[in-house]
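# Summary of structural features
Listed below, chain by chain, are the residues.
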Amino acid sequence: MSFIEWWDGFWATYNTVIFSIGVNAMLALSIYVTLSCGLLSLANAAFMGIGAYTASLLTMQFELPFGLALAAGGALPAAVALVIGIPTLRLSGVYLAMATLGFGEVVRVIVLNLDVTGGPMGLNGVPPITEWWHIVLLLGVTIYCLARLRRSKIGRAFEAIKEDEVAARLMGVNVAGYKLLAFVIGAAIAGVAGGLNAHFTFTIGPNNYGFENAVDILTMAVFGGTSNLIGPMIGSTILSLLPEVLRHFKEFRLAINGLILILVVLYLPKGIWDPRRIRAFLGRNNADKKVN
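Read on for a plain summary of the structure. (Residues numbered from 1 in each chain as written. Predicted model: local features only at pLDDT ≥ 70, side-chain atom pairs only at ≥ 80, totals over all residues. Heavy atoms only, no water.)

### Considering a positive patch on the surface
- A grouping of Arg148, Arg150, Arg151 and Lys162 is seen on the molecular surface, where their side chains present a positively charged patch.
- Its place among the elements puts Arg150 in helix 5 (residues 132–150). (Patch = residues over 30% accessible without salt bridge, like charges linked within 9 Å, V, L, I, M, F, W, Y side chains within 5 Å. Areas by Shrake-Rupley, 256 points an atom, 1.4 Å probe, with all protein chains shown as cover. Salt bridge = Lys/Arg side-chain N within 4 Å of Asp/Glu carboxyl O. Lys, Arg positive; Asp, Glu negative; His and termini not counted. Charge placed at Lys NZ, Arg CZ, Asp CG, Glu CD. Helix = DSSP H or I, 4+ residues; strand = E, 2+ residues; numbered from the N terminus.)

Take a look at the structure:
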């Protein structure tokens, strides 16, 4: 068998998994933005759904170019986040999580009862427009923009709010404004990811963007670590691959998946990718080598 034949077979079998890794990385980064500002939001699955339905309807019914459909898929969730964020972001911690989770349920019920969205059956026959380079390009742009944002005045303000909101406010930081900005940016990224996902899965439904999906997005970021951009991408990649790796365990797959998550939370509370822990480990190794 030639390499080309092997690659064609491999791509035909695993292209959906590979696409999912890229989309999940974007989703993990979308919630990383809100977590970097100290916001525990569970609305990203709903924003993903809004983006997915918006982009899909525009390409299916209006035959809009894919780029414009994706732009709309990011813009509408951002606009919704702006509207609901003004009253909601006055809350914090578990109360914010509950409020955003409630918003997600409202979105799911609305989509479930609209004819234009296909109701409980969802949308079928979404055109398979998404290519691998679309995901690579948009993921790369997202990483670049967030890396620049992290080193900017806005990123420093996010960090200050996360560490101590009261102290940040006393230092003149517009806490409400920066929180809203983080919420809107996260919504836009999740919406674009939803549009990309819809156009390679061919079908979408309201149950794809419910509570379980919201928890999955949060888990990917926390699993990898939220101290920098690398952690969420590592976490999303591992959790995207786990179902395939554990495929042979069949009914025990979910139990093993949960056990792995529990062990990480217990023994690696800051996630797999924790630069401080890694530097400390390398420092101890170097010290041991010098002693020996």
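So much for the structure itself; the text now carries on.
### Here we look at the nonpolar core
- Counting residues in hydrophobic clusters, the biggest one holds 74 residues, and the most contacted among them are Leu27, Phe47, Phe103 and Leu196.
- Take this core: its biggest share by element is 14 residues, from helix 8 (residues 175–201).
- Once you skip the residues sitting within four places of it in the chain, Leu27 turns out to touch Met48, Ala190, Ala193, Ile217 and Met220. (Core = buried A, V, L, I, M, F, W, Y, C linked by side-chain atoms within 4.5 Å. Buried < 20%, exposed > 50% of the residue type's maximum accessible area, 1.4 Å probe, protein only. Contact = heavy atoms within 4.5 Å.)

### Observations concerning helix 8
- Under the 1.5 Å per step criterion, the end-to-end length of helix 8 is 39 Å for 27 residues, consistent within 8% with the ideal 39 Å.
- By the criterion of burial, helix 8 is predominantly enclosed, with 21 of the 27 residues buried.
- A positive backbone phi angle near 70° is found at Phe202, which sits one or two residues after helix 8. (Expected span 1.5 Å × (residues − 1).)

### Let's talk about the pattern of salt bridges
- Counted under the stated rule, the structure contains 3 salt bridges.
- Among the ionic pairs, Glu165 bridges to Arg169, the shortest N-O distance being 3.2 Å. One end of the pair is Glu165 and the other is Arg169, both in helix 7 (residues 165–170) and 4 residues apart, which spans about a single turn.
- With relative accessibility at 44%, the residue Arg169 sits in the partly exposed group.
- For Glu165, the salt bridge identified is with Lys179, shortest N-O distance 2.8 Å. A residue pair is termed long-range when its members are at least 10 positions apart, and Glu165 in helix 7 and Lys179 in helix 8 qualify at 14 residues.

Taken by themselves, the reported measurements are silent on function.
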